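One-letter residues, chain by chain:
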Amino acid sequence: MSVAAPEIRPAAWREQTVSLGMWVFLATELMFFGGIFMGYLYLRTQFAGEVAQASRHTHEWLGTLNTAILLTSSFSMALAVRFSQLARRETVQRLLWVTAALGAAFLAVKFIEYAMEWHEGLVPGLHFTIVENARTTALFFFLYFLATGVHALHLTIGIITVLWLSWRLRKPPFPDARADDVEVLGLYWHFVDAVWIFLYPLFYLVSLAS
Amino acid sequence: MSYLEEGFTLRSWLTTRDHKRIAILYAIAITAFFFVGGAAATIIRLELATPQGDLVTADTYNKLFTLHGVVMVWFFLIPSIPATLGNFLLPIMIGAREVAFPRLNILSWYIYVLGGIFVLYTLIVGGVDTGWTFYTPFSTMFSNTHVVEAAIGVFIVGFSSILTGLNFIVTVHRMRAPGMTWFRMPLFVWANYATSIIMVLATPVLAMTLVLLSAERILHVGIFDPALGGDPLLFQHLFWFYSHPAVYIMVLPAMGVVSEIITCFARKRIFGYRFMCYAILGIAGFGFLVWGHHMFVSGQSMYAGMVFSMLSFMVAVPSAIKVFNWTATLYKGSIVFTAPMLYALGFVGLFTIGGMTGLYLASIALDVHLTDTYFVIAHFHYIMVGGSVMAYLGGIHYWWPKVTGRMYNEAWGRMAAIIIFAGFNLTFFPQYILGFLGMPRRYHEYPPEFQVLNLFSSAGAAVLAVGYLLPLVYLGWSLFRGPRASANPWDARGLEWKTSSPPPKDNFVAPPQVDAVPYAYNPEVPPA
């Protein structure tokens, strides 16, 4: 990230500036997903039972597997942030590769899941064959595809950025500015992970509540 | 060498990262959109000169007021002061060389242009007829116009204001010059800071709402259409959660501009500086809690209505603090009636009328009568046009010497300010009466007994049009023939007046050091 060059600033100035920028951006992101959560809240309060029933059509084991994959990717990202503070360039680079690979694995599982849902006729508006509670189920899956789709888009952007950063770290030196970038990207990655932590129970586990 | 002389090619402008040049790019773009929206308003007022629908068809009329609303709200008013004067002045006023993220800043302008292209495309292929509010299920199920294209345009342009807001927040937190403490910042900076918080937190909600709306319209599955199991009230909640705070995006920067001008031309330190800061934050905060007052007759819970009504009344408290403090600043001041001062005083009067009538609309029982009448139209035009546009023009005049290095013709400036003030009142005051008598908004025909007041309004619109075209002429002329401006032609305080006119690329020759309170116009002001 390019930052206006200050005249005389303390060493931590850049790090604090870019991370404040990321935090403000994440506040925007939170409100962006907030629209979906409001829609979900409406659906869940109006049609509590039907939502729980519709949730049974999801593949909760794949969702659980993906939760594990994404949490692990956050772990390797957290390690990358720590090692970047220690200026261990090669370790950081490898950890970023692991993070990106786990992110890609998540997307792969997600698309297998999407394919299965397509064949099961769960895609509202395009291929929807559920008869029981058709409208509520359609609404549930409408929000499901929107929420997980927007999440997958964020993850894709995250993977591309992680790969780009890891490519920039392929040879020395390892300036402080790169370490700041790893840290800020880590914030973004954890945010995308945290959104999933909310999506997972709302869409996969809500069936257990009925 | 000034920032204007850093490069003369088109390329040097389109690839710039200088916040001052980006401000000018924005000013050119929003001025173009202002006249597009104004053209639509002109046809609307021509149509309403007679009770019969004789100039345009009902369908065309619907598209015209939708175009007017969409363009004026998202492509003019929202970016108006923050993206132009804010971009130019905010870094200078806090003694910074740049905004925190210069590349994001130019990106935000390109995003704005991209969104604008979508809206112009919508206009060319046939327009939208939903009103700027895109209410469902009409917009998702029944309208046969280009709703999705318009929604995409508004979705895109939202990200330009998010990026501007993000940049301002980080700039204010991290780029202040040594000694520029929070309570030494000019009120214009405070106002833009509070506005930025609203931009960052409210705009994404509108973005997601438009995604939901477009998905519902394209896929015929959705959460807003009752026929599909959805709820149109959900749309209204989400829409107004953005669009009410958006009103404060439009008016808070205007208040910032007016504070700067009044204290300068009253030659007196602003009265109650800290309360002005708190009032700005208070308006921004309460602004998030009042959206339901747009929905008193929508069928939302009666108790929700009562709470929203009470909270809306509370917004009047910080707003009144500001009006009282401007008035108290004028008291015993040595007032100079320059053109910017006339605009600023016009703002105070018109904002007060607009704000007071807002209290009528915040009262549930009265609102039931006034909802969807011209009273509402008059009310929000007093805030947005009488308020924001007056302040924007005042700011343009006040900082014109700083931005361009040229002086405009003061007599022409005063005349335009007076013409705009007169034309504005002639246009919109009759609409209060029309609304109170029951004339509904958004119809191209009306009963003949309303014609006299409508004629006043249309005549006023013609005066207003002249008033808005005048500055284009004499400000444009001053660019080439105006006398050179000194660094501080108004003898004003503030860091922007301590650098040359126009400023150098890095804003200051030497990094400024701040050691005093703002607005030290009277010499006896005690140190902070």
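Heads up: the structure comes first, above all this text.
Note that the coordinates shown come from a computational prediction; the quantities given were computed from them, not determined experimentally. (Residues numbered from 1 in each chain as written. Chains lettered and ligands numbered in written order. Predicted model: local features only at pLDDT ≥ 70, side-chain atom pairs only at ≥ 80, totals over all residues.)

J.: Explain the overall build of chain A to me, using residue names and the numbers behind them.
T.: Across its full length, chain A carries six helices and two strands. Walking chain A from its N terminus toward its C terminus, one meets helices and strands in the order α-α-α-α-β-β-α-α. Projected onto its principal axes, the C-alpha coordinates of chain A cover approximately 65 × 30 × 30 Å. In chain A, which comprises 210 residues, the proportion classed as buried is 39%. Considering only residue pairs separated by 6 or more positions, chain A has 77% of its internal contacts joining residues 24 or more positions apart. (Helix = DSSP H or I, 4+ residues; strand = E, 2+ residues; numbered from the N terminus. Buried ≥ 20, exposed ≤ 12 C-beta atoms within 10 Å, placed from the backbone. Contact = placed C-beta atoms within 7 Å.)

J.: Let's hear about the overall build of chain B: which residues, and what values?
T.: Counting secondary structure elements, chain B contains 15 helices and zero strands. Taken over the C-alpha trace, chain B has a radius of gyration of 23 Å; the compact-globule value for 528 residues is 24 Å, and the two agree within 12%. In terms of principal-axis extent, the alpha carbons of chain B reach across some 65 × 45 × 45 Å. Each of the 528 residues in chain B was classed as buried or not, and the buried ones make up 57%. Excluding contacts between residues fewer than 6 apart, the proportion of contacts in chain B whose partners are at least 24 apart in sequence is 84%. (Rg over C-alpha atoms; globule rule 2.2 N^0.38 Å.)

J.: Give a detailed account of the environment of L437(B), specifying residues and quantitative values.
T.: Tracing the chain through its elements places L437(B) in helix α14 (residues 410-437). When the C-alpha positions of L437(B) and F375(B) are compared, they lie 9.0 Å apart, and in sequence the two are 62 residues distant.

J.: Residues and numbers for the interface of chain A and chain B, please.
T.: Counting from both sides, the interface comprises 29 residues of chain A and, opposite them, 34 residues of chain B. Elements supplying a minimum of two residues to the side of chain A that touches chain B: α1 (13-46) and α5 (134-168) of chain A. If you tally residues by element for the side of chain A that touches chain B, the top one is α1(A), at 17 residues. Its residues assigned to classes, the side of chain A that touches chain B shows 17 nonpolar, ten polar and two charged. (Nonpolar A, V, L, I, M, F, W, Y, C, P; charged D, E, K, R; others polar.)

J.: Residue-level account of helix α4 (residues 89-119) of chain A, with values.
T.: Residue and element names in this part refer to chain A. Between its first and last C-alpha atoms α4 spans 45 Å; for 31 residues at 1.5 Å apiece the expected length is 45 Å, and the two agree. Along α4, the residues classified as buried are V92, Q93, L95, L96, T99, A100, L102, G103 and F106. On its buried face, α4 sits against α3 (60-85), α5 and α6 (176-205). Looking one or two places after α4, you find G121, whose phi comes out positive at around 70°. (Expected span 1.5 Å × (residues − 1).)

J.: Outline the environment of F424(B), supporting the account with residue identities and numerical values.
T.: All names here are of chain B. Residue position: F424 is located in helix α14. Considering only alpha carbons, one finds F424 and L464, 40 residues apart in sequence, at a separation of 5.9 Å. The residues contacting F424, other than those within four sequence positions of it, are L350, V385, G386 and L464.

J.: Tell me about the packing of helix α2 (residues 48-55) of chain A against α5(A), residues and numbers included.
T.: Packed helices, taken two at a time, are described by their axes: the angle between them and the distance between them. All names here are of chain A. The geometry of α2 relative to α5 is characterised by a closest axis approach of 9 Å and an angle of 65° between their N-to-C directions. Here α2 and α5 pass one another in a crossing that is right-handed. Between α2, through E50, V51, A54 and S55, and α5, the contact on the second element is made entirely by T136, T137, F140 and F141. (Axes fitted to C-alpha atoms, helices over the stretch in contact; angles between N-to-C directions. Left-handed = near helix turned anticlockwise from the far one by under 90°.)

J.: Describe in detail unusual backbone geometry, supporting the description with residues and values.
T.: In the segment running from P172(A) into P173(A), the intervening peptide bond is cis, with an omega of 5°. Examined against the element boundaries, P173(A) turns out to sit in the loop between α5 and α6. Between S501(B) and P502(B) the backbone carries a cis peptide bond, its omega angle lying at -10°. Here P502(B) shows up in the segment after α15 (451-481). The backbone of D372(B) shows a phi angle near 60°, a positive value even though the residue is not glycine.

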